[in-house]
Every structure is written in C-alpha cells, then in structure tokens.
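What follows is the residue order along each chain.
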Amino acid sequence: MKQSFILWLSAVIITFLVGYAQRISSIDYPVSGTIDLKEGSFSFSFDKMARTKSGYKVWIVSDFAGLKGNLLWRHKGDSDWQTIAMTDTGKALYAIIPQQVPLSQIEYRAKIFDQNKTYLVPVESNVPLTFLNPVPDEINQFYFITLFAGLFLSIRAALESFSDKPKIKRLAVFTTISFFSYTLVFNTVKKAVEIGAIGKGGVPLSDIFDMRSVLLFAVSIITMLLIFNTKRQKFWASAGAIITVLVFLLAKY
C-alpha cells in the first residue's frame, strides 16, 4: 500500500513538473516584464494568443498614477503601424486591438511616455499575436483532462517498473484511451471551434490536427503493442514514457 502511494505521488509530481516546464518554455508563453521609472515602476504581460470575439485588451499596470502611452499594432507583413491612445484608469493603462478573423496574425507593442522620455514595451522586439475564437469551458476542461491524464498514466506506467506486482498492461491501455480521446475528440473539436470550422467543409486536416496530438496517440499505441507482445514490458513502458514527455515538451501544437 505504501509503495503504491509513493509511485502514484511520484507520477503526480513528475507530471506537474513536466507541465510547468512545457508552459514556461512554450512559444505561446506571454512576454512580460517590469520597467523602473523615477516615480515608480510599471509592469506588462502581453499574450501571443487571443481567444476572443470582442477584441484583445492590452493592459499595463503601474504603482503610480498619471502614466501615459500608446499602443502600436499592425498586421504581419505591413509596414504601417496603427496607433491607439491607451486609456488611463488611475494606475493602469489599457487599449483594445480590434477583433480579427480567426488565424489572423498581427504584431504589437506599446510606447510609454514619462518626463519627455519614450519607452518601448517590450524593448527587444514586437510581440506576435494570433486571433482565435473562444472555446467553451467544457471543451477546454476535457481537452486538458485527457491530455494530462495520458501524460500522467504514461509516467505512472513507467514507474510501475518499481512495483512488486506491476500492472503495466492495464496502465498502457488507459494511457492509449486518454490520448485517443485527446487527439481524435477534444483536441479536434477545440481547434475546429478556434478557427471557426464547425459546420464548414474543406478545412485542411493540418488545421484541426497538430503534430503533438498525433505523435502522442501514435506513441501510446506503439508502446501498448510492444508491452502486450514482448517480454520487456518494463523497458517499453519506460521508453514510451520518455518519448511521450519529449513529444509533449518539444512537438508543435
């Protein structure tokens, strides 16, 4: 009983750490920072994905009043910038980038004015932003549940190698079921909603299937078949988990 608890707890911790690593290393991770001025400081966090139907609101928050700035945005490939004066709410500025059709790509940044000085935010480069339709909470919840259940069960199957009575086959089956549900059901529906493909024909498969989901499902099937048809169950469970984690961290989605 104690051994089983330790293995389940270890799988939870590893899954959390892998998920956190993927989050902070993702190409969609927001660009954020804090800039110090004489009066105080201001902070920003600029998203790279906008799931909205009413425009994307950009915020800059300060610890003092009176900050002023403009938001600059343009479609990718354009040379001319659109300028929006940011609204002052006391200790925050905001501006709304007009709603774009799904999959539209723009880039944006802000100009902050302070005592005859201008600060570009962020300093290094423009921030890319892709517009998508919002996804219902129910779909999002099952999308993440099936994704992380598959990842968790794959890791748990590998840790089962340390069990006195390993049940690797059972865990491999549930891993495959989770990734099947993720790849062919919830990831597909989520992407179809995001790009507005529901009820439309002629949508390229690449728009509703991504490399990560397909590879995760394929790895789970291959791993399960190897576990069921060879005597090296522990080896293939461990190899499958390692490959699954690498796909989760590195594959495009």
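All values reported here derive from a predicted model rather than from experimental measurement.

### Focus on the overall build of the chain
Next, step 1: The helix and strand inventory of the chain stands at 6 helices and 11 strands.
Next, step 2: Taking 2.2 N^0.38 as the reference for a compact globule, 253 residues should give roughly 18 Å; the C-alpha atoms of the chain span a radius of gyration of 23 Å, well beyond that estimate.
Next, step 3: Its C-alpha atoms give the chain principal-axis dimensions of roughly 75 × 45 × 30 Å.
Next, step 4: Expressed as a percentage of its 253 residues, the buried residues of the chain come to 44%.
Next, step 5: Contacts spanning at least 24 positions in sequence make up 68% of the contacts within the chain whose residues lie at least 6 apart.
Next, step 6: If you sum the accessible surface of the chain, you get close to 14000 Å²; carbon and sulfur atoms cover 62% of it.
Next, step 7: Looking at the chain, you have 27 positive and 18 negative side-chain charges, and the mean spots of the two groups are 11 Å apart.

### Points about the pairing of strand S5 (residues 68-75)
Next, step 1: With respect to burial, S5 is a largely interior element, 6 of its 8 residues being buried.
Next, step 2: Bridging between S5 and strand S9 (residues 105-114) involves 8 bridges; their strand directions are antiparallel. Looking at S9, one finds that Leu71 is bridged to Ala110.
Next, step 3: Sheet topology note: the S5/strand S6 (residues 82-85) ladder contains 4 bridges and is antiparallel.

### Some details on a nonpolar patch on the surface
Next, step 1: On the surface, Phe5, Ile6, Leu9, Val12, Ile13, Phe16, Leu17, Tyr20, Ile24 and Tyr29 cluster together into a nonpolar patch covering about 1000 Å² of accessible area.
Next, step 2: Locating Leu17 in the fold gives a position in helix H1 (residues 2-25).

### A few points about the packing of aromatic side chains
Next, step 1: With the rule as written, the count across this model stands at 12 aromatic pairs.
Next, step 2: Arranged with centres 6.0 Å apart and planes meeting at 70 degrees, the rings of Tyr56 and Tyr108 form a pair that is edge-to-face. Of this pair, Tyr56 sits in strand S4 (residues 56-62) while Tyr108 sits in strand S9, placing them 52 residues apart in sequence. A single burial state applies to Tyr56 and to Tyr108, both of which are buried.
Next, step 3: In this structure an aromatic cluster arises from ring pairing among Tyr143, Phe144, Phe148, Tyr182 and Phe248.
Next, step 4: Sitting over the ring of Trp8, Arg156 keeps its end group 4.4 Å from the ring centre.
Next, step 5: In this structure, Arg212 is placed above the aromatic ring of Tyr253, and the distance from its NZ or CZ to the ring centre is 4.1 Å.

### Comments concerning helix H6 (residues 233-250)
Next, step 1: Its 18 residues give H6 an end-to-end C-alpha distance of 26 Å, which sits within 8% of 26 Å, the value for a rise of 1.5 Å per residue.
Next, step 2: On its buried side, H6 packs onto H1, helix H2 (137-159), helix H3 (168-194) and helix H5 (211-229).

### Considering the nonpolar core
Next, step 1: In this structure, Phe46, Ile60, Ile97 and Tyr108 are the most contacted members of the largest nonpolar core, which totals 25 residues.
Next, step 2: When residues of this core are traced back to their parent elements, those giving at least two are strand S2 (41-46), S4, S5, strand S8 (92-97), S9 and strand S11 (127-132).
Next, step 3: Among the elements that take part in this core, S9 stands out by supplying 4 residues, more than any other.
Next, step 4: Among the nonpolar cores identified, the runner-up in size contains 20 residues, and Leu7, Ala11, Leu151 and Val245 belong to it.

### Describing H5
Next, step 1: Here H5 contains 19 residues, and its C-alpha end-to-end distance of 27 Å stays within 8% of the 27 Å for a straight helix at 1.5 Å per residue.
Next, step 2: Buried residues along H5 sit in contact with H1, H2, H3 and H6.
Next, step 3: The distance from a side-chain oxygen at the start of H5 to the backbone nitrogen of Arg212 is 3.2 Å, and the residue carrying that oxygen is Asp210.

### With respect to the packing of H1 against H2
Between two packed helices, the angle of one axis relative to the other and the distance separating the axes together describe the packing.
Next, step 1: Interhelical geometry of H1 versus H2 gives an angle of 130 degrees and a closest axis separation of 9 Å. Our classification of the angle between H1 and H2 gives oblique. Helix-helix and strand crossings are classified by hand; for H1 and H2 the assignment is right-handed. Here H1 contributes Ser4, Leu7, Trp8, Ser10, Ala11, Val12, Ile14, Thr15, Val18 and Gly19 to the contact with H2, which in turn contributes Phe148, Leu151, Phe152, Ile155, Arg156 and Leu159.
Next, step 2: Of the residues belonging to the contact of H1 with H2, the class tally is 11 nonpolar, 4 polar and 1 charged.

### A few points about the side chain of Thr15
Next, step 1: When you line up the elements, Thr15 lands in helix H1.
Next, step 2: Thr15 gets classed as buried once you look at its relative accessible area, which sits at 9%.
Next, step 3: At 2.7 Å, the side chain of Thr15 forms a polar contact with the backbone oxygen of Ala11.
Next, step 4: Not counting residues up to four positions away in its chain, the partners in contact with Thr15 are Phe148, Leu151, Phe152 and Ile155.

The rules we used
Residues numbered from 1 in each chain as written. Predicted model: local features only at pLDDT ≥ 70, side-chain atom pairs only at ≥ 80, totals over all residues. Heavy atoms only, no water. Helix = DSSP H or I, 4+ residues; strand = E, 2+ residues; numbered from the N terminus. Rg over C-alpha atoms; globule rule 2.2 N^0.38 Å. Buried < 20%, exposed > 50% of the residue type's maximum accessible area, 1.4 Å probe, protein only. Contact = heavy atoms within 4.5 Å. Areas by Shrake-Rupley, 256 points an atom, 1.4 Å probe, with all protein chains shown as cover. Lys, Arg positive; Asp, Glu negative; His and termini not counted. Charge placed at Lys NZ, Arg CZ, Asp CG, Glu CD. Pairing = 2+ DSSP bridges. Patch = residues over 30% accessible without salt bridge, like charges linked within 9 Å, V, L, I, M, F, W, Y side chains within 5 Å. Salt bridge = Lys/Arg side-chain N within 4 Å of Asp/Glu carboxyl O. Phe/Tyr/Trp six-rings, centres within 6.5 Å; stacked < 30°, edge-to-face > 60°. Lys NZ or Arg CZ within 6 Å of the ring centre and 35° of its normal. Expected span 1.5 Å × (residues − 1). Core = buried A, V, L, I, M, F, W, Y, C linked by side-chain atoms within 4.5 Å. Polar contact = N/O pair within 3.5 Å; in protein donor to acceptor, adjacent residues only side chain to side chain. Axes fitted to C-alpha atoms, helices over the stretch in contact; angles between N-to-C directions. Parallel < 35°, antiparallel > 145°, perpendicular 65-115°, else oblique. Left-handed = near helix turned anticlockwise from the far one by under 90°. Nonpolar A, V, L, I, M, F, W, Y, C, P; charged D, E, K, R; others polar.

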